[in-house]
Amino acid sequence: MATTRRSFLETVCASATAAFLASRAKFGLAAAAPQPHIAFPTAPHDRISVASYPFRAYIESPTDHDRDPKLPGMDLKDFPAEVVGKFNVHNIEPHSRHFHSLEPDYLANFRTALTKAKVKVVNIAVDGKDSFYHPDAATRAKAIAYGKKFVDVAVQIGSPSVRVHIQAAKNSQPDISRTAESLRELVGYAAEKNVVVNLENDDLVSEDAFFIVKVIESVNHPFLHALPDFANSMLSGSADFNYRALTAMFQHAYNICHVKAGEAGDNGKQYTIDMKRSFEILKSSGYKGYCSMEYDAPGDPYLPTTELIRQTVQYLS
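Residues numbered from 1 in each chain as written. Predicted model: local features only at pLDDT ≥ 70, side-chain atom pairs only at ≥ 80, totals over all residues. Heavy atoms only, no water.

### Describing the overall build of the chain
When helices and strands are counted, the chain shows nine helices and 11 strands. Expressed as a percentage of the 317 residues in the chain, the buried residues total 50%. The contacts of the chain with a sequence gap of at least 6 include a subset with a gap of at least 24, amounting to 79%. A total of about 14800 Å² of accessible surface is found on the chain, and carbon and sulfur atoms cover 55% of it. (Helix = DSSP H or I, 4+ residues; strand = E, 2+ residues; numbered from the N terminus. Buried < 20%, exposed > 50% of the residue type's maximum accessible area, 1.4 Å probe, protein only. Contact = heavy atoms within 4.5 Å. Areas by Shrake-Rupley, 256 points an atom, 1.4 Å probe, with all protein chains shown as cover.)

This is the structure we're talking about:
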């Protein structure tokens, strides 16, 4: 009798699950997973990605205000083949401002270019202009909506994640409660589509590493993670702070981090970091995801990116 009852319950549960998955498939939705699962490569070179941000002076897009008309231009659709040709890397991280359009036809052509170059997107860096912690609910809603828009883009181009920017609010200090509330809605939406949301230590105030950690722990969702940047926190002027921040971020990292040997401050001062120590922090955390090359200093990004790739392969080996 017990066996019969157990078999009956297993059959009912399996049928219910199948019906749920079928209903989602009917509407073109991926089955929501309880937690993200990305099959990461293990070979050091295969874990490397190249971000489009260092090449912003070359990329032609209506929203790329860093384009330098004196330099040769390329559409984001050309970037996958450029990365393969120049660096022999098959993973990229496009920036939201570098998409010439978000219309379905453009995104379909971009995905075709990815397929042709045998390249995959491992993350989209998304910079919105509205704050997740703004005191005005309508402003927070705009930040959430912009994040959702790029979650949909991620689905269309096959990206497993997006990195959303926590924009500062002029009339408020960073607020954990309001940020967490906003991100719960965004992450819930992203999780339904199996897209991870990442937060980066990209600003010393609105995206302070320890603030980000508190937000992630407050939201407490398996689809919300940290994106550790090797050098952004070095702009504080304190190496100790940078490495403590990097350590804290890697405890919550999952699929993407930014590798750079230094960072240029607004005053033009160049801050450098200890690459060996940074990779030791990465390894000790058990991080298995991608390392995205994000050279961020004045001048030609090609040779420095090649050097970052060399060092990354060396320290991951």
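Still to come is the rest of the account.
### Here we look at the pattern of salt bridges
All chains considered together, the criterion is met by 19 salt bridges. Here Lys86 makes a salt bridge to Glu82, at a shortest N to O gap of 3.4 Å. In this pair, Lys86 and Glu82 are both assigned in helix α2 (residues 79-87), four residues apart and thus about one turn of the helix distant. Of the charged contacts, one joins Lys260 and Glu263 as a salt bridge, the two residues approaching to 2.8 Å between their closest N and O atoms. Side by side, Lys260 and Glu263 carry an identical accessibility label, which is buried. Put simply, Arg56, Asp66, Arg97, Asp127, Arg163, Glu200 and Asp296 are held in one network by salt bridges that share partners. (Salt bridge = Lys/Arg side-chain N within 4 Å of Asp/Glu carboxyl O.)

### Digging into the pairing of strand β8 (residues 256-259)
Of the two faces of β8, the one lined by Ile256 and His258 and the one lined by Cys257 and Val259 are each fully buried. Judged from the four bridges that link them, β8 and strand β11 (residues 290-293) form a sheet pairing that is parallel. Residue pairing in the sheet places Ile256 in a bridge with Tyr290 of β11. (Pairing = 2+ DSSP bridges.)

### Some thoughts on the layout of surface pockets
Think of a ball as big as a water molecule: rolled over the atoms, this probe shows where empty space is left. Quantified by volume, the largest pocket comes out at close to 530 Å³. As for the largest pocket, its lining consists of 22 residues, of which Tyr53, Asp202, Asn232, Glu263 and Asp296 are closest to the centre. Tallied by class, residues from the lining of the largest pocket come to four nonpolar, six polar and 12 charged. Considering only enclosed or pocket space, the second largest pocket measures out at about 180 Å³ in volume. Thr63, Ser96, Arg97, Phe99, His100, Leu102, Asp127, Gly128, Lys129, Tyr146, Lys149 and Phe150 together form the lining of the second largest pocket. Partitioned by chemical class, the residues of the lining of the second largest pocket number four nonpolar, four polar and four charged. (1 Å grid on protein atoms, 1.4 Å probe; cavity = no way out; pocket = protein on both sides within 12 Å on 5 of 7 lines; lining within 4 Å. Points joined across faces, edges and corners; volume = space filled by probe spheres on them. Nonpolar A, V, L, I, M, F, W, Y, C, P; charged D, E, K, R; others polar.)

### A closer look at the packing of helix α7 (residues 239-250) against helix α8 (residues 275-284)
Contact geometry of α7 with α8 gives a least axis separation of 9 Å together with a crossing angle of 25°. Our classification of the angle between α7 and α8 gives roughly parallel. Where α7 crosses over α8, the handedness of that crossing is right-handed. Taking contact as the criterion, the partners of Tyr243, Leu246, Thr247 and Phe250 in α7 are, on α8, Arg277, Ser278, Ile281 and Leu282. Its residues assigned to classes, the contact of α7 with α8 comprises five nonpolar, two polar and one charged. (Axes fitted to C-alpha atoms, helices over the stretch in contact; angles between N-to-C directions. Parallel < 35°, antiparallel > 145°, perpendicular 65-115°, else oblique. Left-handed = near helix turned anticlockwise from the far one by under 90°.)

### Let's talk about α8
Of all the residues in α8, the buried ones are Met275, Ser278, Phe279, Ile281 and Leu282. The arc enclosing the buried residues of α8, seen along the axis, measures out at 150°, which places them on a common side. Looking at the buried residues of α8, the elements they touch are α7, β8, β11 and α9 (302-316). Of the residues flanking the start of α8, the one acting as N-cap is Asp274, its side-chain oxygen 3.1 Å from the backbone nitrogen of Lys276. Phi turns positive one or two residues past the end of α8, at Gly286, with a value near 80°. (Arc of directions from axis to C-beta. Polar contact = N/O pair within 3.5 Å; in protein donor to acceptor, adjacent residues only side chain to side chain.)

### Side note on empty space enclosed by the protein
All chains considered together, the criterion is met by one cavity of 30 Å³ or more. Within this model, the largest cavity holds a volume of roughly 50 Å³. No other element matches the three residues that helix α4 (residues 137-157) contributes to the lining of the largest cavity. For the lining of the largest cavity, the class distribution of residues is five nonpolar, three polar and one charged.

### Concerning the sheet that holds strand β2 (residues 91-93)
Pairing between the strands of a sheet is mediated by backbone hydrogen bonds and can be parallel or antiparallel. The strand order across the open sheet formed by five strands is β3-β2-β1-β11-β8, and the pairing between neighbours is parallel. On the outer flanks of this sheet lie β3 (120-121) and β8, each paired with one strand and no other. With two bridges joining them, strand β1 (residues 48-51) and β2 adopt parallel strand pairing. In the sheet register, Val50 faces β2, and the bridge partner there is Ile92. Lying over the sheet, α9 contacts β1, β8 and β11, oriented at roughly 155° with respect to β11.

### A few points about unusual backbone geometry
Where the residue is not glycine, phi is negative for most of them; where a peptide bond is considered, it is trans in most cases. Positive phi is not limited to glycine here, since Asn194 has a value of about 60°. Position of Asn194 among the secondary structure elements: in the loop between α5 (176-192) and β6 (196-200). Residue Asn220 is not a glycine yet carries a positive backbone phi of 55°.

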